[in-house]
Amino acid sequence: MLRFILQKLALIVPTVIGITIASFAFIRLLPGDPILAMAGQHGVTPERYEILKEQFGYNLPIWQQYFNYVAGILQGNFGVSLATKRPVIEEFMTLFPATVELALFAMLIAVALGIPAGIFAAIKRGSWFDQITMGVALTGYSMPIFWWGLLLIIFFSGYLGWTPVSGRIALNFFFPRVTGFMLIDSLIAGKPDAFVSALRHLILPAIVLGTIPLAVIARQTRSAMLEVLGEDYVRTARAKGLEPNRVVGVHAFRNALIPVVTTIGLQVGLLMAGAILTETIFSWPGIGKWMIDSISKRDYVSVQSGLLLIALIVMAVNLIVDILYAVINPRIRVQ
Amino acid sequence: MAAETTTTTSSAAPGRFSGLREFWYYFSMNHGAVLGLTVFLLLILVAIFAPVLAPFSPDQQFREFIRMAPPWAGGTQPQFFLGTDEVGRDILSRLIHGSRYSLMIGFIVVTGALIVGVTLGLIAGYFRGWVDALIMRIMDIILAFPSLLLALVLVAILGPGLFNAMLAIALVLQPHFARLTRAAVLSEKSREYVTSAKVAGASHIRLMFVTILPNCLGPLIVQATLSFSNAILEAAALGFLGMGAQPPTPEWGTMLARAREFITSAWWIVTMPGLAILITVLAINLVGDGLRDALDPKLKRS
């Protein structure tokens with residue numbers, strides 16, 4: 001097992017180096033001079049230009065610039081935001097829990113609905129339930145989620161008035177930040193009405209962000225179940241006279257779970273892409289909206305470090321999924 | 001669509017139509033796929049005849065009818081069947097013209113991603129060694145970034161606009177083709193027909209493109225269909241975020257960029273362009289599902 005993990009780690013080393021090169025290259029690929037690009041429309045005086053050039057190390061040879069960049073990252077130095085003058089890593093860490101909370105809740109919805117829907121669709125293959133579920137799943141998979149979010153706002157916030165339109169929590173609630181998760185922090189502070197407010201803010205964005213993963217998980221669960229239900233050992237279990245629920249639940253589902261778990265893990269990158277759109281629509285103060293705002297504010301240091309951090313996080317999660325996959329499926333380890 | 005039909009014919013032996021017929025037999029058993037194909041073909045017709053079909057020019061502003069509701073939802077102007085937008089343009093006409101952009105985006109992005117991805121995948125799988133390692137590590141790096149984020153950053157570098165958006169999306173989508181092609185080449189390369197072609201003196205280029213490639217087409221066609229709908233979705237998302245096609249282009253995503261302001265006042269401005277995107281993408285995905293069932297013998301219905 002340890003050897004398997006080490007092997008996986010060795011395999012991602014070139015990719016991690018590549019990611020740092022890509023994010024390093026980003027600022028240098030911007031059209032025109034990087035310092036002028038960062039200075040924006042106000043421009044800089046020639047003296048200030050020289051100072052900035054020195055400060056960012058642009059007077060050094062390119063390989064040394066890259067070396068300094070990586071050395072900085074290893075020491076946790078991700079640069080200073082051009083817009084707020086605060087360290088980028090600080091801004092990132094302040095906003096990151098909001099995205100994680102949203103993504104986890106979205107995933108919870110997707111798994112809680114997608115797996116049962118997929119299982120029943122597979123058991124009742126060809127039935128009206130199967131056809132409707134798969135039709136809905138394909139529609140969800142084809143959904144432009146930014147539009148889907150707007151539709152839900154029109155209906156639930158505008159027409160019914162059930163949910164707020166934007167933000168994470170009503171502004172009249174204050175409680176100390178412990179975990180950064182509003183749902184947990186409000187409970188720690190002992191404010192149930194703040195918890196309800198946070199939940200009401202969370203539900204629509206989570207549905208929007210969870211829609212495509214839900215569709216993918218339902219489809220994947222169904223096809224994994226169908227494959228397993230055709231296997232000999234399921235037939236044997238049936239022939240032994242086991243009750244159908246036990247055959248499906250124990251014999252089939254456990255084995256069908258393996259590809260499904262992988263699918264769930266692979267949704268992380270998708271969730272980050274979805275978070276960009278979802279957070280923009282709902283003004284959710286997370287990483288996705290921060291990236292969009294940074295791009296439109298031309299805060300290229302934030303964009304650069306955000307790109308790097310997001311790619312590294314997605315990679316780390318995928319690595320963990322790979323390892324988990326090997327834990328639940330010994331066949332992988334032996335290969 | 002034309003590309004798909006011709007590729008299917010060429011994968012069957014020349015002069016024999018049984019392959020195509022068998023394919024159509026399996027494809028047409030899937031009613032959803034046939035429905036999707038019908039909708040998609042209709043969309044192509046709409047895109048081709050857009051100037052004839054659209055009642056108005058997509059840019060013509062009727063200043064006296066700003067934000068007019070559709071006639072079937074309380075509007076008073078029957079000539080604007082889907083209502084008008086915030087500057088009084090006919091939404092239906094804009095949607096009809098917008099179909100040109102969406103389909104063009106799909107075709108151009110997929111063609112670009114297909115050409116680059118397949119070539120890289122063929123080279124990697126055929127030559128192996130350090131070439132293979134280099135190409136596939138670069139693909140890994142591209143795939144490590146969430147696709148929309150990478151496309152956004154690329155557009156930030158290249159400058160907002162439809163062409164740059166398409167370029168960025170093609171770059172983000174092509175690693176999938178490279179990986180698929182490489183995997184297919186690896187499994188085909190050691191087959192006897194390749195060896196016999198090699199012994200007969202075929203060049204590397206010929207072996208790659210003429211001998212091996214046609215036998216890897218099945219999964220590539222399915223992936224191309226999926227990428228087609230993905231390209232439309234991502235371009236619409238970029239347009240929505242203000243980084244894709246720029247106003248007043250009637251691109252469906254761009255039409256939604258300012259829609260958030262009209263959530264409470266004029267729901268039809270928000271609803272219609274998204275519905276167009278959803279129907280198009282859904283139709284293509286239905287076709288994709290049908291193609292996968294028909295082309296992948298493993299999943300073939302018994």
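Quick note: structure is the one above.
Quick summary incoming for the structure in this document. Bear in mind that the values here come from a model prediction, so they are computed numbers and not experimental data.

Helix and strand content of chain B: 13 helices and zero strands. Reading chain B from its N terminus to its C terminus gives the helix and strand order α-α-α-α-α-α-α-α-α-α-α-α-α. Overall size of chain B, expressed as C-alpha extent along the three principal axes, is 75 × 45 × 30 Å. Buried residues in chain B amount to 53% of all 302 residues. Across chain B, every contact between residues at least 6 apart in sequence was considered, and the portion connecting residues at least 24 apart equals 70%. Split by element, the accessible area of chain B, about 13400 Å² in all, is 66% carbon and sulfur. Side chains of chain B carry 21 positive and 17 negative charges; the gap between the two charge centres is 7 Å.

Applying the stated criterion to the full structure yields 20 salt bridges over all chains. Residue Glu261(B) is joined to Arg258(B) by a salt bridge in which the shortest nitrogen-to-oxygen separation is 3.4 Å. A single salt-bridge network, built from bridges that share partners, covers Arg219(A), Asp289(B), Arg292(B) and Asp293(B).

We now examine the packing of helix α12 (residues 287–296) of chain A against helix α13 (residues 300–328) of chain A. Packed helix pairs are characterised by how far apart their axes lie and by the angle those axes make with each other. Residues and elements named next belong to chain A. Remark: α12 packs on α13, axes separated minimally by 9 Å, with the N-to-C direction vectors making an angle of 150°. With respect to each other, α12 and α13 are oriented roughly antiparallel. For the pair α12 and α13, the crossing hand works out as left-handed. Each of Ile287, Trp290, Met291, Ser294 and Ile295 in α12 lies in contact with α13, whose residues at this interface are Ser302, Val303, Gly306, Leu307 and Ile310. Of the residues assigned to the contact of α12 with α13, the class counts are seven nonpolar, three polar and no charged.

Now for the environment of Phe177(B). Residue and element names in this part refer to chain B. With respect to the secondary-structure elements, Phe177 resides in helix α8 (residues 162–189). Residues Phe177 and Leu120, spaced 57 residues apart in sequence, show a C-alpha to C-alpha distance of 8.7 Å. Not counting chain neighbours up to four residues away, the residues in contact with Phe177 comprise Ala113, Leu114, Gly117, Val118, Leu220, Gln223, Ala224 and Ser227.

This next bit is on the interface of chain B and chain A. The interface is formed by 36 residues belonging to chain B together with 42 residues belonging to chain A. For the pairing of chain B and chain A, the buried interface totals around 3500 Å² over both sides, and the portion due to carbon and sulfur atoms is 82%. The three residues of chain B that bury the most area against chain A are Phe145(B), Ile157(B) and Arg260(B), which together make up 17% of that side's buried surface. Inspection of the chain B/chain A interface yields one salt bridge. Asp289(B) is the salt-bridge partner of Arg219(A), the closest N and O atoms lying 3.0 Å from each other. Counting across the chain B and chain A interface gives four residue pairs in polar contact (both at pLDDT 80 or more). The set of elements that each furnish at least two residues to the side of chain B that touches chain A consists of α6 (129–144), α7 (147–158), α11 (217–240) and α13 (267–295) of chain B. If you tally residues by element for the side of chain B that touches chain A, the top one is α13(B), at 13 residues. Broken down by class, the residue content of the side of chain B that touches chain A amounts to 28 nonpolar, three polar and five charged.

The subject of this paragraph is the environment of Pro46(A). By secondary structure assignment, the location of Pro46(A) is in helix α3 (residues 46–56). Put simply, Pro46(A) and Tyr69(A) are 23 residues apart on the chain and 25 Å apart in space, counted from C-alpha to C-alpha.

On to a nonpolar patch on the surface. Residues and elements named next belong to chain A. On the surface, Phe120, Ile123, Trp128, Phe129, Ile132 and Val136 cluster together into a nonpolar patch covering about 650 Å² of accessible area. Per element, the largest residue contribution to the nonpolar patch is four residues, and it comes from helix α6 (residues 128–141). As for its position among the elements, Val136 is in helix α6. The class for Val136 is exposed, based on a relative accessible area of 55%.

Residues and elements named next belong to chain A. If you trace the backbone, Ser294 turns up in helix α12. Judged by its relative accessible area of 2%, Ser294 falls in the buried class. What Ser294 contacts, discounting residues up to four positions off in sequence, is Asp299, Ser302 and Val303.

With that out of the way, let us pick up the packing of aromatic side chains. The description of an aromatic ring pair uses the distance of the two centres, along with the angle that the planes make with each other. All names here are of chain A. Evaluation of the coordinates by the stated rule reveals 22 aromatic pairs over all chains. An angle of 75° between the planes, with centres 5.8 Å apart, marks the rings of Phe92 and Trp290 as edge-to-face. In this pair, Phe92 sits in helix α5 (residues 88–123) while Trp290 sits in helix α12, placing the two residues 198 residues apart along the sequence. On the basis of relative accessibility, which here comes to 0%, the residue Phe92 falls in the buried class. Within the aromatic cluster, the residues linked to one another by ring pairs are Phe155, Phe156, Tyr159 and Trp162. Geometry around Tyr141 places Arg219 over its ring, the cationic atom sitting 5.6 Å from the centre.

Side chains that are nonpolar tend, in soluble globular proteins, to be buried together. Counting 134 residues, the largest nonpolar core has Phe146(A), Leu238(B) and Leu256(B) as the members making the most contacts within it. Ranked by residue count, the leading element in this core is α11(B), at 14 residues. Setting aside residues no more than four positions away along its own chain, Leu238(B) makes contact with Leu148(B), Ala151(B), Leu152(B), Val155(B), Ala165(B), Ile169(B), Met243(B) and Gly244(B). Judged by nonpolar contacts, the second largest core, of 35 residues, contains Ile119(A), Ala198(A), Leu209(A) and Ala256(A).

Thresholds applied
Residues numbered from 1 in each chain as written. Chains lettered and ligands numbered in written order. Predicted model: local features only at pLDDT ≥ 70, side-chain atom pairs only at ≥ 80, totals over all residues. Heavy atoms only, no water. Helix = DSSP H or I, 4+ residues; strand = E, 2+ residues; numbered from the N terminus. Buried < 20%, exposed > 50% of the residue type's maximum accessible area, 1.4 Å probe, protein only. Contact = heavy atoms within 4.5 Å. Areas by Shrake-Rupley, 256 points an atom, 1.4 Å probe, with all protein chains shown as cover. Lys, Arg positive; Asp, Glu negative; His and termini not counted. Charge placed at Lys NZ, Arg CZ, Asp CG, Glu CD. Salt bridge = Lys/Arg side-chain N within 4 Å of Asp/Glu carboxyl O. Axes fitted to C-alpha atoms, helices over the stretch in contact; angles between N-to-C directions. Parallel < 35°, antiparallel > 145°, perpendicular 65-115°, else oblique. Left-handed = near helix turned anticlockwise from the far one by under 90°. Nonpolar A, V, L, I, M, F, W, Y, C, P; charged D, E, K, R; others polar. Buried area = accessible area lost by both parts, 1.4 Å probe. Polar contact = N/O pair within 3.5 Å; in protein donor to acceptor, adjacent residues only side chain to side chain. Patch = residues over 30% accessible without salt bridge, like charges linked within 9 Å, V, L, I, M, F, W, Y side chains within 5 Å. Phe/Tyr/Trp six-rings, centres within 6.5 Å; stacked < 30°, edge-to-face > 60°. Lys NZ or Arg CZ within 6 Å of the ring centre and 35° of its normal. Core = buried A, V, L, I, M, F, W, Y, C linked by side-chain atoms within 4.5 Å.

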